[in-house]
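# Per-entry structural report
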Amino acid sequence: MGKAKKATAEILAEVEAQAASEVAAKAAESAGAKAIATALKTIGKFVVKKTVGEDGKIFGSVTAAEVADAVEQQTGKALDKKAIDVPEISEVGVYDVTVKLHPEVVGEFKVDVQKA
């Protein structure tokens, strides 16, 4: 453990500067997440192709990893698959998906599940 230091003007200024840089870093992180959320909303829809049976139902399910791959292929931005909330998808169609980009920012977009 370090030793305590006297609260001189230099040390107080250093602490204030460090706190200000942390606030700026958090603001930049939040702004970046908001920019990604805006891009996802602007693009609006991402396509995931699945094998479909004769009854129109897909084989398996659409996973968060598949959604993350579709987004990355179309935007170049990698999303954390653990942060993506995919509804239960059992047939082709368009579904609403959300992704938590930051503690204060949630992105929304649609996934268009099509026959492969």
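Source: prediction; values computed, not measured.

## Brief notes about the packing of aromatic side chains
Applying the stated rule across the entire model yields 1 aromatic pair. Each ring, one from Phe46 and one from Phe109, has its centre 5.2 Å from the other, and the planes form 85°; the classification is edge-to-face. Pair noted here: Phe46 is in strand β1 (residues 45-50) and Phe109 is in strand β4 (residues 105-115), with a separation of 63 residues, a long-range link. On the basis of relative accessible area, Phe46 is assigned to the buried category, the value being 0%.

## Observations concerning helix α1 (residues 9-43)
Because the α-helix completes a turn every 3.6 residues, residues three or four places apart line up on one side. Compared with the 51 Å implied by 1.5 Å per residue over 35 residues, the 51 Å span of α1 between its first and last C-alpha is a close match. What α1 keeps buried is the set Ser30, Ala33, Ala37 and Leu40. Turning to α1, the residues buried within the fold contact β1, α2 (64-75), β3 (93-102) and β4. Just downstream of α1 lies Gly44, where phi reads positive at about 85°.

Scoring rules and cut-offs
- Residues numbered from 1 in each chain as written.
- Predicted model: local features only at pLDDT ≥ 70, side-chain atom pairs only at ≥ 80, totals over all residues.
- Heavy atoms only, no water.
- Phe/Tyr/Trp six-rings, centres within 6.5 Å; stacked < 30°, edge-to-face > 60°.
- Helix = DSSP H or I, 4+ residues; strand = E, 2+ residues; numbered from the N terminus.
- Buried < 20%, exposed > 50% of the residue type's maximum accessible area, 1.4 Å probe, protein only.
- Expected span 1.5 Å × (residues − 1).
- Contact = heavy atoms within 4.5 Å.

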